[in-house]
Amino acid sequence: MENLTEELWAMKLGLKLLQERAKKGSFWWPYISNLPETYSVPIFFQGEDIKNLQYAPLLSQVPS
């Protein structure tokens, strides 16, 4: 992981979290166990899901 460039900090963090999640007795387990196992980002939301966000700047940028 040390060889990854600074711009890839999110990937480093993700890899570290996966590494800690796989480790038995990890100090970080209480935090990691509260993270969702799956997630989606608004870019993949469908029309009705976007409307449910009720966030005007986003709604104005996404075609209905």
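Quick caveat: nothing in here was measured; it's all calculated off a predicted structure. (Residues numbered from 1 in each chain as written. Predicted model: local features only at pLDDT ≥ 70, side-chain atom pairs only at ≥ 80, totals over all residues. Heavy atoms only, no water.)

**Details of the pattern of salt bridges**
Under the criterion given, the structure shown has two salt bridges. Among the salt bridges present, the one from glutamate 20 reaches lysine 16, with a minimum N-O distance of 3.4 Å. Here glutamate 20 and its partner lysine 16 are both found in helix H1 (residues 9-22), four residues apart, which amounts to about one turn of the helix. By relative accessible area, which is 37% here, lysine 16 ends up partly exposed. Here lysine 23 makes a salt bridge to glutamate 20, at a shortest N to O gap of 2.9 Å. Classification of lysine 23 by relative accessible area gives partly exposed; the value is 43%. Relative accessible area serves as the criterion here: at 7%, glutamate 20 is assigned to the buried category. (Salt bridge = Lys/Arg side-chain N within 4 Å of Asp/Glu carboxyl O. Helix = DSSP H or I, 4+ residues; strand = E, 2+ residues; numbered from the N terminus. Buried < 20%, exposed > 50% of the residue type's maximum accessible area, 1.4 Å probe, protein only.)

**Section: the layout of surface pockets**
Roughly 370 Å³ of internal volume is contained in the largest pocket. What lines the largest pocket is Gly14, Leu17, Leu18, Arg21, Trp29, Tyr31, Ile32, Ser33, Leu35, Pro36, Glu37 and Tyr39. Looking at the lining of the largest pocket, the elements that each hand over two or more residues are H1 and helix H2 (29-32). The element contributing the most residues to the lining of the largest pocket is H1, with four residues. (1 Å grid on protein atoms, 1.4 Å probe; cavity = no way out; pocket = protein on both sides within 12 Å on 5 of 7 lines; lining within 4 Å. Points joined across faces, edges and corners; volume = space filled by probe spheres on them.)

**Thoughts on the packing of aromatic side chains**
Under the defined criterion, the tally for this structure stands at one aromatic pair. Ring centres of phenylalanine 27 and tryptophan 28 lie 5.2 Å apart, and the angle between their planes is 85°; this geometry places the pair in the edge-to-face category. (Phe/Tyr/Trp six-rings, centres within 6.5 Å; stacked < 30°, edge-to-face > 60°.)

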